Amino acid sequence: MKVKNPIPRDKGVDNTLDLMQEGFNFIPDRRKELESDIFKTRLLGRKAICIAGEEAAEIFYDESKFKRKGAMPKPLKSSLLGEGGVHGLDGEDHRQRKRMILSMMTPERLEDMKRIAVEELDKRAAEWENQSEVVILDEIQKVFGVTGMRWAGLPLEGEDIEQRVDELVDMVDFGGSDVARTAASFTSGMASRKSHEKWLKQLIKKVRAGKLDAHPSTPLYIVAHHTENDGKPLDLHAAAVDLNNAYRPLIAAAYFVAFGLLAIHEHPGVGEKLKTDKSYSKMFTQEVRRYYPFAPAMVAKVKRKFEWKGHKFKKNRMVILDLFGTNRHPDAWEDPDEFKPERFRDWDESPFSFVPQGGGDFYAGHRCAGEWLTVMVMRSTFEYITKSMTYDVPEQDLEYDMTKIPAFPKSGFIINNVKRTGVAAEDLKLDEQSPTVVKHSAE
Ligand code: HEM
């Protein structure tokens, strides 16, 4: 880890505009320029310290040093994460809520999620056979949107499903590139969140009143009947936010699937390995999550002052961990800017060097509750796409713009001439993955 003393300072009075314009490159470019994995900047008028790398992630996820309450800027919270949910809680309140969410992630329920995803994918692929072209990003967003809602136990009959999927997609869009685009994304994200949460509140109220049946294993039931540390039912608004948190983020995996198809297209032999080597899909999925961008950074506030690497961290200082840059940090990864799935064969499984969905401990900390799900669903999707169908990749613009959050291939990754082979779809539904994934993640 490169650490300069005193901590170098970013130029300019406030760098919020630079952050919006530079997206994923904002922290990595400054780290390179300032030759330090730690630097000071100013965002939204507040002093901030940016850090990157495995050691930096280890302190960032130390609950005794950092808190989340009040850390996330308001517009981001209102659009991307929602108010009152698990992301912004600390201490015992966080543990209690996190336990609620993790109780949804039993091996059986993870298998359910994967089975529903393959079923929805197979249904959708039947339609792709009759289409002149298929935009993978849009289509997988639909597949994962419906999968997540079904898995959560939400009744979809009579619902405008496209509208609900659009709302989910809107909520994960940060914008980026320029101020106008970012502002438009926030406005649209907030409106979609409001509409979606209104729907969820109605469902939770009905379940609580006994007017709607929900299976006890589903997020809808678990959230509706959850009680807080004070013994009272979860506040209705927070309940809607965390019910949404239990399936909305699966939409994020659609961006990784589009990137995964790009990787298959650009790296000869990878598709064949996915088709023939059962263990390869896990390494491939991990490398897609490491190499391609989705979540750029996470923000926290210093809980009480401490010193680290000779630098003083004052109470309440905003600290930002470069997630994307940590996944490509040269101290932890050989040839970090090359796409090499095999690197995961002997990976040491450090909870701090590979943080596409946050780091540290799933139970005590803020690490993503859906990481096991994400890996399982992505693996099955890549296996389905390589084994259960054939397709061509026409000419298109496959560049991706790192200033946009989320980033994605400009074309959305178009395929055509889709034919289902009839091979493997049923096997994929039955192919149990969760024990290994849970074991690895709970270590
Ligand atoms: C590609 C897919 C995904 C990505 C990139 C992603 C990314 C993240 C990130 C960066 C965090 C924040 C970590 C932190 O606060 O330090 C997070 C937290 C979280 N994620 Fe995910 N996530 C994904 C999928 C999912 C799925 C499928 C679910 C649920 C079904 C989920 C549920 C959550 C929850 C509940 C939290 C809050 C955890 C806490 O604060 O304790 N995520 N995720």
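So, how was this worked out
- Every chain's residues receive numbers from 1 upward, in the order its sequence appears when written.
- Local features are withheld for residues below a pLDDT of 70 in this predicted model, meaning they are given only at 70 or higher, and side-chain atom pairs are given and counted only at 80 or more; totals for whole chains, interfaces and linings count all residues.
- UniProt positions are given in the numbering used here, feature names are shortened, and annotations may be inferred rather than shown by experiment.
- Every angle, taken between N-to-C directions, lies between 0 and 180 degrees, and every axis is a line fitted to C-alpha atoms, over only the stretch in contact when it is a helix.
- Helix and strand definitions here come from DSSP, where helices need a minimum of 4 consecutive H or I residues and strands a minimum of 2 consecutive E residues; each element is numbered from the N-terminal end.
- Crossing chirality is assigned from the near helix's rotation relative to the far helix, an anticlockwise turn below a right angle marking it left-handed and a clockwise turn marking it right-handed.
- Remark: residues whose backbone-derived C-beta atoms lie within 7 Å of one another are considered to be in contact.
- Amino acids outside the nonpolar list (Ala, Val, Leu, Ile, Met, Phe, Trp, Tyr, Cys, Pro) and the charged list (Asp, Glu, Lys, Arg) are all regarded as polar, and Gly is one of them.
- One bridge is not enough; two strands pair if DSSP finds at least two bridges between them.
- For each residue, a C-beta position is placed from the backbone atoms; the residue is near a molecule or strand when that point lies within 6 Å of it.
- Where each domain starts and ends comes from a domain assignment, either automatic or drawn from a database.
- Residue burial here comes from a neighbour count, namely the number of other C-beta atoms, placed from the backbone, that lie within 10 Å of the residue's own C-beta, with 20 or more meaning buried, 12 or fewer meaning exposed, and in between meaning partly exposed.
- For this quantity, the arc is that covered by the directions from the helix axis to the C-beta atoms.

Per an unreviewed UniProt entry, the recorded name for the chain is Fatty-acid peroxygenase, and the organism is Salinicoccus halitifaciens. Quoted straight from UniProt, the Cofactor (unreviewed entry) entry for the chain says "heme".

A. Expanded view of the packing of helix α6 (residues 107–128) against helix α16 (residues 371–388). At a closest axis distance of 9 Å, the pairing of α6 and α16 adopts a crossing angle of 35°. Considering how the two elements wind past one another, α6 and α16 form a crossing that is right-handed. Judged by residue contacts, L110, M113, K114, A117, V118 and L121 of α6 engage W372, L373, M376, V377, S380, T381 and Y384 from α16. The class makeup of the residues in the contact of α6 with α16 is 10 nonpolar, 2 polar and 1 charged.

B. Local environment of the sheet that holds strand β6 (residues 297–302). The sheet built from 5 strands is open, its strands ordered β1-β2-β9-β6-β3 with mixed pairing. Where the open sheet ends on each side, the last strands, each with one partner, are β1 (38–43) and β3 (66–67). Examined bridge by bridge, β6 and strand β9 (residues 318–322) share 5 bridges and lie antiparallel to one another. In the sheet register, A297 faces β9, and the bridge partner there is D322. Across the sheet, helix α2 (residues 26–34) touches β1, β2 (46–51), β6 and β9, and the angle it forms with β1 is around 130°.

C. Broad picture of the site of the ligand. Taken together, 24 residues lie near the ligand, and P249, G358, H366, C368 and G370 sit nearest. Those elements that place two or more of their residues in the shell around the ligand are α5 (91–102), α12 (250–266) and α16. Ranked by residue count, the leading element in the shell around the ligand is α12, at 4 residues. When grouped by side-chain class, the residues that make up the shell around the ligand number 16 nonpolar, 7 polar and 1 charged. A domain-level breakdown of the shell around the ligand finds at least three residues from each of domain 1 (1–90 + 296–353) and domain 2 (113–137 + 250–287 + 356–443).

D. Expanded view of helix α4 (residues 74–81). Within the sequence span of α4, burial applies to S79, L80 and L81. Buried residues in α4, looked at end-on, bunch into an arc of 150°, giving them a common side. Taken together, the buried residues of α4 touch α8 (161–171) and α9 (179–208). Looking at the residues trailing α4, positive phi occurs at G82, about 90°.

E. Highlighting the sheet that holds strand β10 (residues 389–392). Reading across from one edge, β4-β12-β10 is the order of the 3 strands in this open sheet, with antiparallel pairing throughout. Pairing within the sheet leaves two strands with one partner each, and these edge strands are β4 (134–135) and β10. Where β4 meets strand β12 (residues 414–420), 2 bridges bridge the pair, whose relative direction is antiparallel. Residue pairing for β12: V135 is matched across the bridge by I414.

F. Highlighting unusual backbone geometry. Following N5, the chain continues to P6 via a peptide bond in cis, the omega torsion being -10°. Counting through the fold element by element, P6 comes out in the segment before α1 (16–22). The omega torsion across I405 and P406 is 0°, close enough to zero to call that bond cis. The backbone of D335 sits at a positive phi, close to 45°, despite the residue not being glycine. One can find D335 in the loop between α15 (323–327) and α16. According to the C-beta neighbour criterion, D335 is exposed, with 10 such atoms within 10 Å.

G. Highlighting the environment of G210. Residue placement: G210 occurs in the loop between α9 and α10 (219–224). Given 7 C-beta atoms within a 10 Å radius, G210 is considered exposed. Put simply, G210 and A239 are 29 residues apart on the chain and 17 Å apart in space, counted from C-alpha to C-alpha.

H. Summary view of the domain arrangement of the chain. Splitting the chain by domain gives domain 1 (1–90 + 296–353), domain 2 (113–137 + 250–287 + 356–443) and domain 3 (153–246). One C-alpha centre belongs to domain 2, the other to domain 3; they are set 25 Å apart. Counting residues at the interface gives 7 residues for domain 2, matched by 7 residues for domain 3. Taken together, the residues of the side of domain 2 that touches domain 3 sort by class into 4 nonpolar, 1 polar and 2 charged.

I. Region of interest: the packing of helix α7 (residues 136–151) against α12. Running from amino to carboxyl end, α7 crosses α12 at an angle of 145°, the nearest separation of the two axes being 8 Å. When the axes of α7 and α12 are compared, the crossing they make is right-handed. Contacts from I136, L137, I140, Q141, F144, G145, T147 and G148 of α7 reach α12 at L250, I251, A253, A254, Y255, V257, A258 and L261. Considering only residue class, the contact of α7 with α12 consists of 12 nonpolar, 4 polar and no charged.

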